[in-house]
Amino acid sequence: MIPSQRDLFDIPRDRVYLNTAYMGPMPKSAIAAGQASYAAKGQPWAYDVQQDFFGLPEQLRERAARLFGAQAGEIALVPSASYGLATAARNLAPQKRSEILVLDGQFPSNIYVWRDLAEQYGARLVTVKRQPGQGWTEALIRAIGPATSIVACPQVHWLDGGQLDLAHISNTARRQGAALVLDLTQSLGALPFDMAAIQPDFAVAAGYKWLLGPYSTGLLYVAPHHHDEGEPLEQNWITRQGADNFARLIDYTDAYAPGARRFDMGERSAMQLIPAALASLDQVLDWGVDAIAQTLADRTAAIAEATAPLGLADDMVERAPHYLTLGLPAGAPDDLLARLAARNIHISQRGDRLRITPHLFNDDTDIAAFADGLRAVL
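Computed from a prediction, not measured in an experiment: that's the story for all the values here. (Residues numbered from 1 in each chain as written. Predicted model: local features only at pLDDT ≥ 70, side-chain atom pairs only at ≥ 80, totals over all residues. Heavy atoms only, no water.)

1. Here we look at the pairing of strand β5 (residues 148–154)
A regular strand places its side chains so that they alternate between the two faces of the sheet.
And then number 1: Of all seven residues in β5, seven are buried, a share of seventy percent or more.
And then number 2: Taken together, β5, helix α6 (residues 166–175) and strand β6 (residues 179–183) constitute a β-α-β crossover, and its handedness is right-handed. (Buried < 20%, exposed > 50% of the residue type's maximum accessible area, 1.4 Å probe, protein only. Helix = DSSP H or I, 4+ residues; strand = E, 2+ residues; numbered from the N terminus. Right-handed = clockwise from strand over helix to strand, strands pointing away.)

Following this line, the structure appears as structure tokens:
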């Protein structure tokens, strides 16, 4: 269990922020790194080509690999989850009349890309729904069959917090010869990821939620068998061999830098973003993902216990430990979130459920204030 880390964040004592799944606040260390990086842009002659253009991205790649349980050369730097998913789609060719499986209510970025791919190849996009009392894992496993070409799913459903058994899903998909593409935006950094057991083709995570980094930063794992012949979304200069020799950039080459680097976004050096992203990942790794998950499981359990007398149902099957979604009681006000915000309490509502996602900056004082505020507005 990790004690409250509130002092590491710029969160006033009277502010109850339980909304990491919407936007993770950056630690003070990342804010300082970002401020320094913006100041450095005022004197660009001081940039060190090897360190700023190449060294910092490689450091971020190495930290990301530790979160995925992968090698640094298997990580591409991307600006968003949608970019990573589009990269995956560019490198997968489903057979005609095969099925691409997605979950009901999946985040839009993980629907549009597969809808377009299905249309391009004459495949079918199949939406997997779960029945009352059924978890997402069982629903998805039942849908995977000989016609399945791609399984595209998260580790944690963004709407209801349902957790999927990715090792089981991966084994089932592989037996059918299907590719596995994962969106880990709502889990990487807060939930352990077992790369050896799961072995996805692609796995992407946006950096601004549970990784506590800046917006427009993301990480993409690419399995080695997609490296040598993989097709990137962009044809940019910095992903080519020899790009670190600025004097020879017009010695054009078809050869890419090794591994997943060929899939990096343009301007991947991102001098104003990477130092902050790097500081955030360092903090997450210092805490340890296992310890984060255990601590957040305790805090969501405490929130569920504190709010139980208010008639909100904590009934999500196979709920992820860092996620709490509570069914609203009948008669709940339509402006509930605004009423809570007026009390300096911040959560999300998705459909008829409240989404409550604490982090290590939350403590018992926050939990008590949230329960009191929720009681008052209901």
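2. A closer look at the packing of aromatic side chains
Ring pairs (aromatic) are described by centroid distance and by the angle formed between their planes.
And then number 1: Overall, the coordinates contain ten aromatic pairs when judged by the stated rule.
And then number 2: Ring geometry for W237 versus F246: centroids 5.6 Å apart, planes at 80°, classification edge-to-face.
And then number 3: Assessed through its relative accessible area of 34%, F246 is described here as partly exposed.
And then number 4: The lysine or arginine in question, R240, covers the ring of Y256, its NZ or CZ lying 4.3 Å from the ring centre. (Phe/Tyr/Trp six-rings, centres within 6.5 Å; stacked < 30°, edge-to-face > 60°. Lys NZ or Arg CZ within 6 Å of the ring centre and 35° of its normal.)

3. What to know about the environment of T307
And then number 1: Secondary-structure assignment places T307 in helix α9 (residues 289–307).
And then number 2: You can call T307 buried: its relative accessible area is 1%.
And then number 3: Along the primary structure T307 and A203 are separated by 104 residues, whereas in three dimensions their C-alpha atoms are 35 Å apart.
And then number 4: If we ignore the near neighbours within four places in the chain, the residues touching T307 are L312, L326, F370, A371 and L374. (Contact = heavy atoms within 4.5 Å.)

4. A short note on the sheet that holds strand β7 (residues 202–206)
And then number 1: Sheet architecture is open: seven strands sit in the order β2-β8-β7-β6-β5-β3-β4, paired in mixed fashion. A single partner strand is all that each edge strand has here, and the edge strands are β2 (75–78) and β4 (124–128). Each neighbouring strand pair of the sheet contributes to a mean axis angle of 20°, computed without reference to strand direction.
And then number 2: Sheet topology note: the β6/β7 ladder contains three bridges and is parallel. In the strand pairing of β7, L182 is matched with A203.
And then number 3: Seen against the sheet, helix α2 (residues 49–68) touches β2, β7 and β8 (218–222) and runs at an angle of roughly 115° to β2.
And then number 4: Relative to strand β3 (residues 99–103), helix α4 (residues 109–121) is tilted by about 165°, and along the sheet it contacts β3, β4, β5 and β6. (Pairing = 2+ DSSP bridges. Axes fitted to C-alpha atoms, helices over the stretch in contact; angles between N-to-C directions.)

5. Focus: the nonpolar core
And then number 1: If you look at the biggest cluster of nonpolar residues, it comprises 65 residues, and the most contacted ones within it are F68 and L140.
And then number 2: Excluding its chain neighbours within four sequence positions, the residues that come into contact with L140 are L101, L103, V128, V151, C153, L164 and I169.
And then number 3: Residues A76, V78, L85 and A89 belong to the second largest nonpolar core, which totals 27 residues. (Core = buried A, V, L, I, M, F, W, Y, C linked by side-chain atoms within 4.5 Å.)

6. Focus on the sheet that holds strand β9 (residues 324–327)
And then number 1: An order of β9-β12-β11 is seen for the three strands of this open sheet, with the pairing classed as antiparallel. Of all the strands in the sheet, the pair left with one neighbour each is β9 and β11 (348–350). Pairwise comparison of adjacent strand axes, ignoring direction, gives a mean angle of 30° for this sheet.
And then number 2: Relative to strand β12 (residues 353–356), β9 runs antiparallel, the two being bridged by four bridges. Bridging from a neighbouring strand, L324 pairs with I356 of β12.

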